[in-house]
Amino acid sequence: MLHRLNTLNRFAIIVAGLRAGTLSDFCFDMNWRIRFVTVQMDSGKKGVLQTEQIIGSPNYEEKTVTCAVFPKQTPGEEIPFPESPEGKSGLQGTPVSDITLVSSTQLSNTEGGWREELVTESSSLYSLSHCWSIIKGFSVFTEEGMGGQVSDLIADETTWQIHYVAVSQSSQDHCGSLLLPPMVIRMVQWSEDSIRTRLTREELERVPRVSDLNPVPVKEVQRVIRYFDYLNYERG
């Protein structure tokens, strides 16, 4: 099933049967796969959780997400901060609370000020700027001009793969939202708060609209899939 990330926001994080905090954001890579979720911990700290630590699917009735703690993350342990590929140095360590959800993080100095970044054990750098909370509201452009705004991201929470970008249009004539697969996105311009698509204005207007229900109804998703299959065939 495909779910709207907006519905997962603020779900409670459960570790070892205890509530540890709430989901606050979703960070994804260049392939539109969610690699990390950020957590507002009940202790007041902010944590970072790898999606591999999530056990099964979220419980939508109880609004909870059950997570595992990696063996290295034991109470009272100190986790070092690896150096990034660019050689930027940040904090040297962080104390782990009773139940930690913090993966390796560091602060780096950028032109926009201090920014928290994620570093995996292989030292691959993931930027927290590639997140659901940031991309929401981005302007979506067709080949001719403005076409709408990002209202949400649609993902399969079993694989954490983002399948669609949900786009809303302000006109009262347009009800529901449009779902755009990543394949029609030419580029995401993070510095300009915009997404450039490969679609013409006419092609965008022909995208089947979907309701705001969650999960997204299968029949509505199938209509979207058929449309883009047809569009690919039409373009040759």
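Everything discussed here concerns the structure shown above.
## Remarks on the pairing of strand β4 (residues 34-41)
Part 1 of the argument: Among the eight residues that make up β4, six are buried, leaving the element largely enclosed by the rest of the structure.
Part 2 of the argument: Direction of pairing for strand β3 (residues 18-28) relative to β4: antiparallel, over a ladder of seven bridges. Paired with D25 across the two strands is T38, which belongs to β4.
Part 3 of the argument: Between β3 and β4, which follow one another and run antiparallel, lie five residues, and W32 among them has a positive phi close to 65°.
Part 4 of the argument: Where β4 meets strand β5 (residues 46-50), five bridges bridge the pair, whose relative direction is antiparallel.

## Considerations on the environment of I14
Part 1 of the argument: Secondary-structure assignment places I14 in strand β2 (residues 12-15).
Part 2 of the argument: The class of I14 is buried, set by a relative accessible area of 18%.
Part 3 of the argument: The spacing of I14 and A68 is 54 residues in sequence and 8.7 Å in space, taken between C-alpha atoms.

## Thoughts on the layout of surface pockets
Part 1 of the argument: For the second largest pocket, the calculated volume is near 180 Å³.
Part 2 of the argument: Looking at the lining of the second largest pocket, the element that brings in the most residues is strand β16 (residues 185-189), giving three residues.
Part 3 of the argument: A class-by-class count of the residues in the lining of the second largest pocket yields eight nonpolar, one polar and one charged.

## Re the packing of aromatic side chains
Part 1 of the argument: Counted according to the given criterion, the structure contains six aromatic pairs.
Part 2 of the argument: Note on F28 and W190: the rings are 6.1 Å apart at their centroids and 40° apart in plane angle, and the pair reads as tilted. Of this pair, F28 sits in strand β3 while W190 sits in the loop between β16 and β17 (194-197); the two residues are 162 residues apart in sequence, bridging distant segments of the chain.
Part 3 of the argument: On the basis of relative accessible area, F28 is assigned to the buried category, the value being 6%.
Part 4 of the argument: When the ring of Y227 is compared with that of F228, the centres are 5.2 Å apart and the planes differ by 75°; the resulting orientation is edge-to-face. This pair shows no difference in class: Y227 is buried, exactly as F228 is.
Part 5 of the argument: Through a chain of ring-to-ring contacts, three or more aromatic side chains come together here, namely F28, W32, F138 and W190.

## What about the pattern of salt bridges?
Part 1 of the argument: By the definition in use, this model includes five salt bridges.
Part 2 of the argument: Residues E52 and R33 are paired through a salt bridge, measuring 3.8 Å at the closest nitrogen-oxygen approach. Residue E52 is found in the loop between β5 and β6 (64-67), and its partner R33 is found in the loop between β3 and β4; the two are separated by 19 residues along the sequence.
Part 3 of the argument: For E143, the salt bridge identified is with R186, shortest N-O distance 2.5 Å.

## Describing the side chain of T64
Part 1 of the argument: Structurally, T64 can be placed in strand β6.
Part 2 of the argument: Judged by relative accessible area, which is 14%, T64 ranks as buried.
Part 3 of the argument: Beyond its immediate chain neighbours, meaning those up to four positions away, T64 contacts F11, A12, I14, P58 and N59.

## Some words on the environment of I162
Part 1 of the argument: The residue I162 is located in strand β14 (residues 161-168) in this model.
Part 2 of the argument: Residues I162 and I34, spaced 128 residues apart in sequence, show a C-alpha to C-alpha distance of 7.1 Å.
Part 3 of the argument: Setting aside chain neighbours within four positions, we find I162 in contact with F28, W32, I34, L153, I154, A155 and P182.

## Section: the pairing of strand β15 (residues 177-180)
Part 1 of the argument: Both faces of β15 are covered, namely the face carrying S177 and L179 and the face carrying L178 and L180.
Part 2 of the argument: Sheet analysis places β14 next to β15, joined by three bridges and oriented antiparallel. Bridge pairing in β15 places V165 opposite L180.
Part 3 of the argument: The sheet contact formed by β15 and strand β18 (residues 209-210) spans two bridges and is antiparallel. Residue pairing in the sheet places S177 in a bridge with V210 of β18.

Each value, and the rule that gives it
- Residues numbered from 1 in each chain as written.
- Predicted model: local features only at pLDDT ≥ 70, side-chain atom pairs only at ≥ 80, totals over all residues.
- Heavy atoms only, no water.
- Buried < 20%, exposed > 50% of the residue type's maximum accessible area, 1.4 Å probe, protein only.
- Helix = DSSP H or I, 4+ residues; strand = E, 2+ residues; numbered from the N terminus.
- Pairing = 2+ DSSP bridges.
- 1 Å grid on protein atoms, 1.4 Å probe; cavity = no way out; pocket = protein on both sides within 12 Å on 5 of 7 lines; lining within 4 Å.
- Points joined across faces, edges and corners; volume = space filled by probe spheres on them.
- Nonpolar A, V, L, I, M, F, W, Y, C, P; charged D, E, K, R; others polar.
- Phe/Tyr/Trp six-rings, centres within 6.5 Å; stacked < 30°, edge-to-face > 60°.
- Salt bridge = Lys/Arg side-chain N within 4 Å of Asp/Glu carboxyl O.
- Contact = heavy atoms within 4.5 Å.

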